[in-house]
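Here is how the chains run, residue by residue.
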Amino acid sequence: MTTSSVLFAQLTQPTVALLLSQRRHENEALDLIIARNAKEILDVAISSSEADTIVKPQEPISTTCNGLHRAEVLGEIVTAATLGRLFAEVVDLINLVAPEALVRLSKTRARTRAYVAKCSADVHAGRTDLPTRKTRSGWYVSDNVGTADILRALKALAIVAELRFGKDICFG
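Calculation rules
Residues numbered from 1 in each chain as written. Predicted model: local features only at pLDDT ≥ 70, side-chain atom pairs only at ≥ 80, totals over all residues. Heavy atoms only, no water. Helix = DSSP H or I, 4+ residues; strand = E, 2+ residues; numbered from the N terminus. Buried < 20%, exposed > 50% of the residue type's maximum accessible area, 1.4 Å probe, protein only. Areas by Shrake-Rupley, 256 points an atom, 1.4 Å probe, with all protein chains shown as cover. 1 Å grid on protein atoms, 1.4 Å probe; cavity = no way out; pocket = protein on both sides within 12 Å on 5 of 7 lines; lining within 4 Å. Points joined across faces, edges and corners; volume = space filled by probe spheres on them. Nonpolar A, V, L, I, M, F, W, Y, C, P; charged D, E, K, R; others polar. Expected span 1.5 Å × (residues − 1). Contact = heavy atoms within 4.5 Å. Salt bridge = Lys/Arg side-chain N within 4 Å of Asp/Glu carboxyl O. Core = buried A, V, L, I, M, F, W, Y, C linked by side-chain atoms within 4.5 Å.

### A look at the overall build of the protein chain
Next up, step 1: The helix and strand inventory of the protein chain stands at five helices and six strands.
Next up, step 2: The linear arrangement of helices and strands in the protein chain, starting from the amino end, is α-α-β-β-β-α-α-β-β-α-β.
Next up, step 3: Every one of the 172 residues in the protein chain was classed for burial, and the buried ones make up 35%.
Next up, step 4: When the accessible area of the protein chain is evaluated, it comes to approximately 10500 Å², of which 55% is carbon and sulfur surface.

So this is what it looks like as structure tokens:
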């Protein structure tokens with residue numbers, strides 16, 4: 001590699017941690033991980049019949065696209081059919097890069113519910129009639145949420161993860 005082909009970019013620690021978590025082997029370099037991800041995105045774009053599945057950097061992130069709710073976390077687009085599923089996906093993504101942030105989030109509450117909990121019954125403070133969802137990472141989140149609830153939860157998550165809402169975590 002010649003020095004003329006080397007570029008420098010600023011990456012936040014959570015972004016680097018997310019990229020390093022995608023290593024295929026211990027010695028895989030960060031630039032190879034980025035190149036692989038870029039190639040996979042291009043392959044999907046080329047094979048996709050729907051042009052709007054690719055989000056261009058200059059496009060604002062909207063809350064829905066073709067019936068799917070959308071958010072962006074550390075540059076990753078997250079989509080889901082319901083808001084509860086969307087927050088579960090965000091929780092799983094944050095669990096990869098900052099699991100300690102979810103522990104801190106579990107100690108905070110919205111008005112009547114926990115944002116995340118390790119036990120389903122702890123999400124809605126004893127209201128076992130209200131639905132919860134278990135994430136792949138083992139956390140429970142409310143499945144009974146609206147847009148205001150998700151905004152509140154994502155803002156709280158950004159605070160405990162030391163991220164910037166509207167920059168590192170975006171919704172709407």
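### Overview of unusual backbone geometry
Note: most peptide bonds trans; most residues except glycine with negative phi.
Next up, step 1: Even without being glycine, Leu-74 reaches a positive phi, approximately 50°.
Next up, step 2: Following the sequence through the fold, Leu-74 ends up in the loop between strand S2 (68-73) and strand S3 (76-80).
Next up, step 3: Assessed through its relative accessible area of 9%, Leu-74 is described here as buried.
Next up, step 4: Here Glu-162, not a glycine, exhibits a phi torsion of approximately 60°, which is positive.

### Regarding empty space enclosed by the protein
Next up, step 1: Summed over the entire model, instances satisfying the criterion amount to one cavity of 30 Å³ or more.
Next up, step 2: Within this model, the largest cavity holds a volume of roughly 80 Å³.
Next up, step 3: Together, Phe-87, Ala-110, Arg-113, Ala-114, Tyr-115, Ser-142, Val-145, Asp-149, Arg-152 and Ala-153 line the largest cavity.
Next up, step 4: Tallying contributions element by element places helix H5 (residues 147-160) first for the lining of the largest cavity, with three residues.
Next up, step 5: Its residues assigned to classes, the lining of the largest cavity shows six nonpolar, one polar and three charged.

### As for helix H3 (residues 83-97)
Next up, step 1: Given a rise of 1.5 Å per residue, 15 residues ought to cover 21 Å, and the 22 Å separating the end C-alpha atoms of H3 matches this to within 8%.
Next up, step 2: With 11 of 15 residues buried, H3 is to be regarded as a mostly interior element.
Next up, step 3: Of the residues making up H3, those classed as buried are Leu-83, Gly-84, Leu-86, Phe-87, Ala-88, Val-90, Val-91, Asp-92, Leu-93, Ile-94 and Val-97.

### Re the environment of Glu-76
Next up, step 1: Along the polypeptide, Glu-76 turns up in strand S3.
Next up, step 2: Its relative accessible area of 33% is what places Glu-76 among the partly exposed residues.
Next up, step 3: With 92 residues separating them in the primary sequence, Glu-76 and Asp-168 have C-alpha atoms 9.6 Å apart.
Next up, step 4: Beyond its immediate stretch of four places on either side in the chain, Glu-76 contacts Leu-18, Gln-22, Ala-71 and Leu-93.

### Comments concerning the pattern of salt bridges
It is possible for side chains of opposite charge to pair when their charged atoms get near one another.
Next up, step 1: Applying the stated rule across the entire model yields seven salt bridges.
Next up, step 2: Ionic pairing is found between Asp-149 and Arg-113, a salt bridge with its closest N-O pair at 3.7 Å. Taken together, the positions of Asp-149 in helix H5 and Arg-113 in the loop between helix H4 (99-106) and strand S4 (132-134) put the pair 36 residues apart, joining distant regions of the chain.
Next up, step 3: For the salt bridge of Arg-127 with Asp-129, the shortest nitrogen-to-oxygen distance reads 2.7 Å.
Next up, step 4: A relative accessible area of 44% places Arg-127 in the partly exposed class.

### What about the nonpolar core?
Next up, step 1: Membership of the largest hydrophobic core comes to 35 residues, with the highest contact counts inside it found for Val-73, Phe-87, Ile-94, Leu-105 and Leu-157.
Next up, step 2: Of all the secondary-structure elements, those providing two or more residues to this core are S2, S3, H3, H4 and H5.
Next up, step 3: Examining the composition of this core, we find that nine residues originate from one element, H3, more than from any other.

### Some words on the environment of Cys-119
Next up, step 1: By the element assignment, Cys-119 lies in the loop between H4 and S4.
Next up, step 2: Since its relative accessible area comes to 37%, Cys-119 is described here as partly exposed.

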